[in-house]
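# Coordinate analysis (summary)
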Amino acid sequence: MKGYDFLYFFREGVKSIFSHGFMSFAAVSVILACLLIIGSFTLLSMNIDMIVSEAESSTEIIAFVDEKLSLSEARSIGSRINRIENVANSIFVTRDQAFEEYTEELGEDSYLLEGLEDEPILRHRYRIFIEDVSLTEETSNKIYSIPGIARVNPSLEISQAIVNFKNILSAVTYILAAILVGVSVFIISNTVKLTTFDRRDEIAIMKMVGATNAFIRWPFVFEGFILGTLGGSLAFGAQWLIYNYTVDKISVGQTLINLVDFQTIAVPMLVLFIIAGFIVGIGGSVLTIRKFMKV
Amino acid sequence: MVRFSGVHLTYGNGTKAIKGIDFRVDDGEFIFLIGPSGSGKSTIVKLITGELRPTHGRVIVNGFNVGSLRQSVIPKLRRTVGVIFQDFRLIEKKTVYENVEFAMRVIGADRRNIKERVPVILDLVGLSHKKNRFPHELSGGEQQRVAIARALINNPRTIIADEPTGNLDPVRSKEIIYLLEKINSLGTTVITVTHERDIVNSLSKRVIAIDGGRIISDQIGGYFAL
Ligand SMILES: Nc1ncnc2c1ncn2[C@@H]1O[C@H](COP(=O)(O)OP(=O)(O)OP(=O)(O)O)[C@@H](O)[C@H]1O
Ligand SMILES: [Mg+2]
C-alpha cells in the first residue's frame, strides 16, 4: 500500500461538494444558522451581563455611625469594614458632607434645611460597595455587628432584583443553548445522512475493489471539513455585520448604554466558530459514513 | 485458487441457502456456475468476496481463510478478486476512464501506475475510443465492459461474474463471455454465474450445477449434461 494521496482526497471532497450542490448548500446554511443563533444569543447575554454588572457595582450599602462616636472614632471603623469579606471598598462621608449632599439633592427645597447646619440631624456614614450582590443581606449583618455602627441601610430590593434577573438570564441561557445544540445536531446529522445516502453505491464499489475503511473515509472527512469550516467562517462574518449594524441602530442618539465592542471578542469568536464548524462537519460525516462501512 | 469444504450458510432469518458444498477451482480455470433461481449461486459469490462468512466449513480464496479473516484484512482479499454484476454498478457521474481509474485510486495506487495501466485495460475491453463517455451514453454491453475493466484494473487472480449477461441481448452476451474467456486465457481464473444455456452449451467448459444449496453436478460440458 502506497502513502495516501491527500491531494486526491481533497479534490474528491471538493468535487463531491459541487456534485451535491444543494445538500452542500443546505449543510453550510444549517451550520451558519445555528452558529449565528448561538453567537447572537451569546452577544446578547454578554451585553446584558455588562449592563447588569454596571448596575451591580453602583448599588451600595449605607452604614450609619452611632452619633456618640467622635469623628476620629467614626473614621477608624473604616478599616474594620474594609476587612469584611465581600466588601469591595468603602467611602467615609462626614455629617457635614452628607448635609451638603442632601442640600444639593433638595435643590429649590433646600430652604427646609436652613438653620439646621449645626444641629446633629445627620450621622456620619459609610457608603459601602460590595463584590457579590447576592450576599448583600449577609454582608450588611456583618457590618451591623461592628461596634459603633448604629444602623445599616442595604438597598435590598435593588440587589434582590439584580440577583433574580441574573438567575433568570443564566437559566434562559442554559435552556436555549441546550435546545439549540439539540436542534443543530439533529438537523446536521440529517443533512449529512442525506448527503451520504446517494453515495452508498460509491462506497459499496470502493469496498468491493478492496479499499480500506480509512481510505474510504478520507474524502468524506475533507468534505465535512470544508463545509464545516466554510459554515463557521461565514457565520463569523455574518455575525460581525449583524452585530455592528444592530449596535449602530441602538447607539444612535444615546450614549447611556455601554455595549460590548465586537473587536474585543472577534478573535475568540472566530476561533470558536471555526472549531465548532470543523467538529460538526467532520464529526457529522464520520459518524454518518460509519453506517455505510459495514459491507 | 478457490476451495469450499463442507460449507453451510444460514442467513440471519434462518434461510439455509448453502447446505454442504465442496469444490475447488484451481488457478487458471474457467468455470460456469449454474442453477435455478434461489439455488444459492449469489450466496456462493458473496462467500468468495468475504461479504458473507460460512456458518460451517471452510472457504479459502487465494490463500485467505474467509471464515476467520479479520475485518482489516478483508480489503487484501478483495484486491485478489475482481467482481462483475448483472447491473454493472458503475458510477453515473464518472466517465468510463474515471470509473476504471477510481478502482485503482481507492486502493492507493500511485498516479504514474494509474496513467500507464488504465489505457491498457480499456484497450483490452475495446473501449479506448469511448473513454470520455458517461455510462448513460453507452449500450448495456459497453457498460458491462467498463465493469469488466474495473474488475481487472488491479490485476486480480480471480474474476467472479454474477450473471454478467443477465441484462444483455444474446449477441452482446456472447461478446461478454468471449471477453471473459480472453481474460482467462491471459491467466486469470474466471468463475461465471449464468443462466445462458446456449452459451454454456456452446463452450466446453467445466460446469458446476447447484440446486437447493447443494452441488448436483460438476463436470465438463453443457447445461443439459446434468
Ligand atoms: N440476505 C438474505 N437474507 C435471507 N435470505 C436470503 C438472502 N439472500 C438470499 N437469500 C435466500 O437464500 C437463497 C439463495 O439465494 P441466492 O441469492 O444465493 O440465489 P441465486 O441462486 O443467486 O438466485 P438468482 O438466480 O435468482 O440470482 C434463496 O432462498 C434466497 O431467498
Ligand atoms: Mg443471484
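How each quantity is defined
- Residues numbered from 1 in each chain as written.
- Chains lettered and ligands numbered in written order.
- Predicted model: local features only at pLDDT ≥ 70, side-chain atom pairs only at ≥ 80, totals over all residues.
- Heavy atoms only, no water.
- Near = heavy atom within 4 Å.
- Polar contact = N/O pair within 3.5 Å; in protein donor to acceptor, adjacent residues only side chain to side chain.
- Areas by Shrake-Rupley, 256 points an atom, 1.4 Å probe, with all protein chains shown as cover.
- Helix = DSSP H or I, 4+ residues; strand = E, 2+ residues; numbered from the N terminus.
- Nonpolar A, V, L, I, M, F, W, Y, C, P; charged D, E, K, R; others polar.
- Core = buried A, V, L, I, M, F, W, Y, C linked by side-chain atoms within 4.5 Å.
- Buried < 20%, exposed > 50% of the residue type's maximum accessible area, 1.4 Å probe, protein only.
- Contact = heavy atoms within 4.5 Å.
- Expected span 1.5 Å × (residues − 1).
- Phe/Tyr/Trp six-rings, centres within 6.5 Å; stacked < 30°, edge-to-face > 60°.
- Lys NZ or Arg CZ within 6 Å of the ring centre and 35° of its normal.
- Pairing = 2+ DSSP bridges.
- Axes fitted to C-alpha atoms, helices over the stretch in contact; angles between N-to-C directions.
- Salt bridge = Lys/Arg side-chain N within 4 Å of Asp/Glu carboxyl O.
- Patch = residues over 30% accessible without salt bridge, like charges linked within 9 Å, V, L, I, M, F, W, Y side chains within 5 Å.
- Lys, Arg positive; Asp, Glu negative; His and termini not counted.
- Charge placed at Lys NZ, Arg CZ, Asp CG, Glu CD.

### With respect to the site of ligand 1
Residues and elements named next belong to chain B.
- Around ligand 1, the surrounding shell holds 14 residues, and the nearest of these are Ser37, Gly38, Lys41, Ser42 and Thr43.
- In the model, an oxygen atom of ligand 1 is placed 3.0 Å from a nitrogen or oxygen of the glycine 40 main chain.
- A distance of 2.7 Å is found between an oxygen atom of ligand 1 and a side-chain nitrogen or oxygen belonging to lysine 41.
- When the free accessible area of ligand 1 is taken as 630 Å², the share hidden by the protein chains comes to 63%.
- Per-element tally for the shell around ligand 1: the top contributor is helix α1 (residues 41-49), with 3 residues.
- The residue makeup of the shell around ligand 1, split by class, is 3 nonpolar, 9 polar and 2 charged.

### Overview of unusual backbone geometry
Residue and element names in this part refer to chain B.
- Unlike most non-glycine residues, asparagine 62 shows phi in positive territory, near 45°.
- Residue placement: asparagine 62 occurs in the loop between β4 (56-61) and β5 (64-65).
- The phi dihedral of arginine 89 falls on the positive side, at around 55°, and the residue is not glycine.
- One can find arginine 89 in the loop between β6 (81-85) and α3 (96-105).

### Some remarks on the nonpolar core
- Among the nonpolar cores identified, the biggest contains 89 residues, and Phe4, Phe32, Ile44, Ile48, Val106, Ile148 and Leu180 of chain B are the most heavily contacted of them.
- Counting residues in hydrophobic clusters, the runner-up holds 16 residues, among them Ala63, Ala74, Ile128 and Ile130 of chain A.

### Focus on the side chain of lysine 205 of chain B
Residues and elements named next belong to chain B.
- Along the chain, lysine 205 falls in the loop between α7 (197-202) and β9 (206-211).
- On the accessibility criterion, lysine 205 (18% relative accessible area) is buried.
- When near neighbours in sequence (up to four residues on either side) are disregarded, lysine 205 contacts Phe30, Phe32, Glu181, Gln219, Ile220 and Gly221.

### Concerning helix α4 (residues 111-124) of chain B
Residues and elements named next belong to chain B.
- Taking 1.5 Å per residue as the helical rise, α4 with its 14 residues ought to reach 20 Å, and the 20 Å between its terminal C-alpha atoms agrees with that figure.
- Of the surrounding secondary structure, the elements contacted by the buried residues of α4 are α3, α5 (140-152) and α6 (170-185).
- The first or second residue beyond α4 is glycine 126, which carries a positive phi of 75°.

### So, the packing of aromatic side chains
- The final tally for this structure, using the stated rule, is 15 aromatic pairs over all chains.
- With 5.9 Å between their ring centres and 45° between their planes, phenylalanine 236 of chain A and phenylalanine 262 of chain A make a pair best called tilted. In this pair, phenylalanine 236 of chain A sits in helix α8 (residues 213-251) while phenylalanine 262 of chain A sits in helix α9 (residues 262-293), placing the two residues 26 residues apart along the sequence.
- Phenylalanine 262 of chain A sits in the buried class, given a relative accessible area of 0%.
- Among the aromatic side chains, those forming a connected cluster through ring pairs are Phe6, Phe9, Phe10, Phe215, Trp218 and Phe222 of chain A.
- The ring of phenylalanine 85 of chain B has arginine 89 of chain B lying over it, and the distance from NZ or CZ to the ring centre is 3.7 Å.
- Here lysine 205 of chain B stacks its cationic end above the ring of phenylalanine 30 of chain B, 5.1 Å away from the centre of that ring.

### Describing α5 of chain B
- Its 13 residues place the ends of α5 of chain B 18 Å apart at the C-alpha level, agreeing with the 18 Å of an ideal helix rising 1.5 Å per residue.
- For α5 of chain B, the set of buried residues is Gly141, Glu142, Gln143, Gln144, Arg145, Val146, Ala147, Ile148, Ala149, Arg150, Ala151 and Leu152 of chain B.
- Looking at the buried positions of α5 of chain B, the neighbouring elements they touch are α7 (200-208) of chain A together with β6, α3, α4, β7 (158-162) and α6 of chain B.

### Here we look at the environment of glutamine 97 of chain A
All names here are of chain A.
- In this structure, glutamine 97 sits in helix α4 (residues 95-106).
- Residue class for glutamine 97 comes out partly exposed when judged on its relative accessible area of 39%.
- Through-space distance from the C-alpha of glutamine 97 to that of leucine 122 is 9.8 Å; in sequence the pair is 25 residues apart.

### Focus: the sheet that holds β9 of chain B
All names here are of chain B.
- The strand order β6-β7-β8-β3-β9-β10 describes an open sheet built from 6 strands, whose pairing is mixed. Each edge of the sheet is formed by a strand with only one pairing partner; in this case those strands are β6 and β10 (214-220). If you compare each strand with its neighbour and ignore which way they point, the axes differ by 15° on average.
- Strand contacts of α5: β6 and β7, with the helix running at about 165° to β6, the strand carrying the most contacts.

### Comments concerning the pattern of salt bridges
Residue and element names in this part refer to chain B.
- Tallying each qualifying case throughout the model produces 14 salt bridges over all chains.
- The residue arginine 24 makes a salt bridge to aspartate 26 at a minimum N-O spacing of 2.9 Å.
- The closest approach of N and O atoms between aspartate 27 and arginine 157, which form a salt bridge, is 3.3 Å. One end of the pair, aspartate 27, is in the loop between β2 (16-25) and β3 (30-34); the other, arginine 157, is in the loop between α5 and β7, with 130 residues separating them in the sequence.
- Here the salt bridges do not stand alone but share partners, grouping Glu29, Arg206 and Asp218 into one network.

### Quick word on a negative patch on the surface
Residues and elements named next belong to chain A.
- Among the surface-exposed residues, Asp96, Glu100, Glu101, Glu104 and Glu105 lie close enough to one another that they form a single negatively charged patch.
- Relative to the elements of secondary structure, glutamate 105 occurs in helix α4.
- A relative accessible area of 68% means that glutamate 105 is categorised as exposed.

### What to know about the sheet that holds strand β3 (residues 125-130) of chain A
All names here are of chain A.
- The strand order β2-β3-β1-β4 describes an open sheet built from 4 strands, whose pairing is antiparallel. Edge positions in the sheet fall to β2 (87-93) and β4 (149-154), since each of these pairs with one other strand and no more. Ignoring which end each strand starts from, the neighbouring axes of this sheet average 20° apart.
- As paired elements, strand β1 (residues 60-65) and β4 share 5 bridges and run antiparallel to each other. Along β4, the bridge assignment pairs valine 65 with isoleucine 149.
- Relative to the sheet, α4 contacts β2 and β3, its axis offset from that of β2 by approximately 85°.
- The strands touched by helix α5 (residues 136-144) are β1, β2, β3 and β4; relative to β4, the strand with the most contacts, the crossing angle is about 165°.

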